[in-house]
Amino acid sequence: MFTDKIIHPTAVCWYDEGSCIYSTTILSDTFPMIYEKEDRGYRYRLTINSQSATSSTNDFDQSSIRIIETLIKQALKEQFKCIGSVFYRWDEECKPDGPYDLLNGFRQALCLTESDVTLNVDTTTTRFYPHMELLPFIWERLLKTENRPFAGRLSDQQYRQISNNLKDVEVTTMQSENEKTYVLTGDFSQQLPAQIPVREQNLLNYYKDLGFPLRYPNLYCLKAYKQNHQEEIVDLPIELCQLGEWQQVKEDENTKPVPAPPVNARFHSIMRVVQNCNFDDSALFREIQLEVGCAEMMDVSYDTLRSVKLISVDNAAAQKQRMGLPENCDENEVFADKNIESNLRRHLSKLKEGQCQFVLCLENCQNPQIHEVFKKIACNELGLVTQCANFSKIQRARNLRSYCDNILLSVNAKLSGENKQVADLRTQIKTMYVGADVLHSKNNYSGEMPSIAAVVASMNSECTLTNQRVSRQWPMDGKQSIEAILLLKDMIVDLLSAFRDCNDGTLPERIVFYRDGVDDGQLERVKNEEVIALREAFRAVYPPNSSSPSLTFMVVKKRHHTRLFRRITSTEVANVESGVVVDSCIVNPNYPNFFLNSHEPCLGTNKIGNYIVLVDDTNCSLNDLEELTYSLVIRSSESIPSVVHLADAAASKARQLFDHRQRAPNAPRAEIHYAHEDMQNAPNMF
């Protein structure tokens, strides 16, 4: 319809698959109509909105970039299936991965840079549910019993085994001709179909009357709900369900990540993807005279930052406090039964009464709700510092040493120990480093689930001790999420007060703030709202006759598609070394910013951070900010500054500490979580 110019004889049009159609011709005299399902009489009138015209890449703004991205997506639609921002070939052959399928895809993003408009492409591998009937998937793939015929029933152990795997999975039903989509809760009915009442009869006869007699009446039904109607739970027979097509597997912290390809393989896969897109053959591209250079990747100039010196520190916090394992560990064993909450509360209360300072919990249960109950009781009710360890990971002897080392580092930090220091961070200027992030609920179509905002701040200039505040915030009606940190001022006021308590009444002279999770279209909003909130917090805490701290505010971008490769030969590449920084050519032309590679991965391709400077009261050179950021990253052994990594972790884990009640109609849109007073200012309390 678009390329054949049915809408308008001279217009080149393309659709964003949402609410917008873009055209190169003014359509105000035609008022085109779009017909959808004409047999049902659905008809929509298009609203005409004018966009600023551009005649060259020099005229591009962020809005123009998004429009051209939409055109590229439209041009690729015939060759690829697009899910979110990832493209998959329609004819791509799946690779088995346990019960799931693996598909190779790619992401693309158009970026406005100093040199030109660039197309950034990166490959990815994603787990999908196979498009098949649910019962064979359960029997053959989840339970791995494909060599045995299905006998018409499952054991209690098998129901428990598959419950977590089916939670939040989307299915269609045969009786609806696979048109209606339901979301599984992971629970099963307490009765068989013959005992479940529905419309003055039982479920067994109900489906028989519909023309779908159940072959396996001894199978318990699945509990499910329609999207956006979580309160309306229905019972679905397993044998009538089919897994939704192109459905990605929802992964959590216990999911084994897909192995990353070697750097050379990724480089060549990106080049193949770009060449297979056939941009030169696109009718849309030819119509608007858009050309994409696909022959080679860009060459960019770079610098390498000097190496950072680490300082050994005495980190035996547990030894200083004379901690040890109890003589009889069995007396603290708690079984996961229906009394799990009361038993946990009783055991932990007893430990608290005995002046226990730290609890190591060895979990041998795959139910995340039990972990959530444990954390709520320990953090919110009793104020106990805890560390959980996964029994299944301890059983893997090959990884036992590294896993235990990481556990001990986490325990040491939670007990106010210092794992390592960076010499470059030692300064006479009292400095507080802050990281902030917002994590959104997945599949939050109705906007009922809140987002979690986390702010982590260092309590010393060496950035070895930290404190945190987390809040939950609900989006406005009609929205699925909110990116702004609504209570940023209050959270910073709390953290500044905590810094003062840790430093003999002294407040920081400088604050370096790293904000994660902001895309290019949100930069001005962050500058106009969150920077102002920070300055309001300074005025609320600092005495009237004193000067406020100098502020350096940087946005950290991890979810971009820029990759840096170091060419070895004409056919071989390698990762760039740690400390490589690029601050020209491919950077955003509107703000001072840089790309920094701060680690050397053992596997795969290194993921570089993009740092955009929105505010710098100190007027530091860009090189100084690059070296400061590199020092903070090296301190954390991550690819981003330590306070940002901790904010990511806090936002991810803090949801379990909030209750699950829905927001009342007139309740505030945001609230800060306050743990037990003994835990509120504990470092890394999650």
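Above this text sits the structure in question.
In what follows, the accompanying structure is described. For every chain, the first residue of its written sequence is number 1, and the numbers climb from 1 along that sequence. Owing to the predicted nature of the model, reporting of local features is limited to residues with pLDDT of at least 70; listing and counting of side-chain atom pairs is limited to 80 or more, with chain, interface and lining totals taken over all residues. With hydrogens and water set aside, each side-chain value is computed from the structure's full complement of heavy atoms.

1. Some details on the environment of R345
Phase 1: Helix numbers and strand numbers start at the N terminus; a helix is a DSSP run of H or I with at least 4 residues, a strand a run of E with at least 2. Residue position: R345 is located in helix α8 (residues 340-353).
Phase 2: C-alpha of R345 to C-alpha of A378: the two residues are 33 residues apart in sequence and 8.3 Å apart in space.
Phase 3: Residue contacts for R345: discarding those within four places in its chain leaves I377 and E381. Contacts are assigned to residue pairs that have any heavy atoms within 4.5 Å of one another.

2. With respect to the sheet that holds strand β17 (residues 303-304)
Phase 1: Within the open sheet, the 10 strands sit side by side as β17-β29-β30-β31-β26-β25-β22-β23-β24-β32. Their pairing is mixed. The open sheet terminates on both sides in strands that have one partner only, identified here as β17 and β32 (670-672). In this scheme, strands are said to pair when DSSP sees at least two bridges between them.

3. Remarks on the pairing of strand β22 (residues 431-439)
Phase 1: Extensive coverage of β22 is indicated by the burial of 8 of its 9 residues.
Phase 2: Across 6 bridges, the pairing between β22 and strand β25 (residues 510-516) is parallel. What sits directly across from Y433, in β25, is V512.
Phase 3: Where β22 lies against strand β23 (residues 451-458), 6 bridges are found, and the strand directions are antiparallel. Each bridged residue has a counterpart across the sheet, and for L439 the counterpart in β23 is I452. A simple rule labels every residue: compare its accessible area, found with a 1.4 Å probe on the protein chains alone, to the largest value its type can have, and call it buried under 20%, exposed over 50%, or partly exposed in between.

4. Things to note about the sheet that holds strand β10 (residues 170-173)
Within a beta sheet, neighbouring strands are joined by backbone hydrogen bonds and run either parallel or antiparallel to one another.
Phase 1: If you walk across this open sheet you meet the 5 strands as β15-β14-β11-β10-β16, and the pairing is antiparallel. The outermost strands of the open sheet, each flanked by one partner alone, are β15 (233-236) and β16 (241-243). Put simply, the sheet's adjacent strands are angled 50 degrees from each other on average, direction ignored.
Phase 2: Of the pairings in the sheet, the one linking β10 to strand β11 (residues 181-188) comprises 3 bridges and is antiparallel in character. Within the sheet, the bridge partner assigned to V171 lies in β11 and is Y182. Here, axes are lines fitted to C-alpha atoms. For helices the fit covers the stretch in contact, and angles between N-to-C directions go from 0 to 180 degrees.

5. A word on the environment of D659
Phase 1: Tracing the backbone shows D659 in the loop between α15 (642-653) and β32.
Phase 2: D659 gets classed as partly exposed once you look at its relative accessible area, which sits at 37%.
Phase 3: Along the primary structure D659 and K376 are separated by 283 residues, whereas in three dimensions their C-alpha atoms are 9.0 Å apart.
Phase 4: Apart from the residues lying within four places of it in its own chain, the contact partners of D659 are K376 and R472.

6. Considerations on the side chain of S269
Phase 1: Looking at the element boundaries, S269 is found in helix α5 (residues 263-276).
Phase 2: For S269, the side chain forms a polar contact with the main-chain oxygen of R266, separated by 2.7 Å. Between N or O atoms, a polar contact is any pair within 3.5 Å; within protein, one atom must be a potential hydrogen donor and the other a potential acceptor, and residues adjacent in sequence are included only when both atoms are from side chains.

7. What to know about unusual backbone geometry
Phase 1: Even without being glycine, K144 reaches a positive phi, approximately 55 degrees.
Phase 2: Structurally, K144 can be placed in the loop between α2 (134-142) and α3 (156-166).
Phase 3: Look at C463: it is not a glycine, yet its phi comes out positive at around 60 degrees.
Phase 4: One can find C463 in the loop between β23 and β24 (466-473).

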